[in-house]
Amino acid sequence: MPKQHLRKSDTASGQGLLWLFGAILAVQGFGSAITEAGWNTSFGVAGLLRAAHVPQWGTLLVGCAGAALLAVAARRHFTKSRR
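Residues numbered from 1 in each chain as written. Predicted model: local features only at pLDDT ≥ 70, side-chain atom pairs only at ≥ 80, totals over all residues. Heavy atoms only, no water.

K.L.:
I keep staring at the UniProt feature "transmembrane region" (unreviewed entry) in the protein chain and nothing clicks. Help me out?
P.N.:
The feature "transmembrane region" (unreviewed entry), as given by UniProt, occupies residues 12-34 and 54-74 in the numbering adopted here. Annotation note: span residues 12-34, helix share 100%, strand share 0%, distance between end C-alpha atoms 33 Å. (UniProt positions renumbered as here; feature names shortened; annotations may be inferred. Helix = DSSP H or I, 4+ residues; strand = E, 2+ residues; numbered from the N terminus.)

Here you go:
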């Protein structure tokens, strides 16, 4: 069976998804935590996590996961551009 090579469009779409999911998780996680702390209001991820009885720091964990995905996406982007 011949080896399949990834086409550029496949890796580019995967890279784009990393940026997208990272940004969504970072904004939802940190934004929810700030909104909940400042205005005592839950929305988005914070509202879902509160309904699931997750502690308040769970939204910060979601934001950190988003920041980690953004860091991975940035590292892949800059590593690829140096080659």
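K.L.:
Is there a simple way to explain the side chain of Glu-36 in this structure?
P.N.:
Turning to its location among the elements, Glu-36 is positioned in helix H1 (residues 8-39). Glu-36 sits in the buried class, given a relative accessible area of 8%. In terms of polar contacts, Glu-36 uses its side chain to reach the side chain of Ser-42, at 3.2 Å. Non-local contacts of Glu-36, meaning those with residues more than four positions away in its chain, are made with Thr-41, Ser-42, Ala-46, Arg-50, Gln-56 and Thr-59. (Buried < 20%, exposed > 50% of the residue type's maximum accessible area, 1.4 Å probe, protein only. Polar contact = N/O pair within 3.5 Å; in protein donor to acceptor, adjacent residues only side chain to side chain. Contact = heavy atoms within 4.5 Å.)

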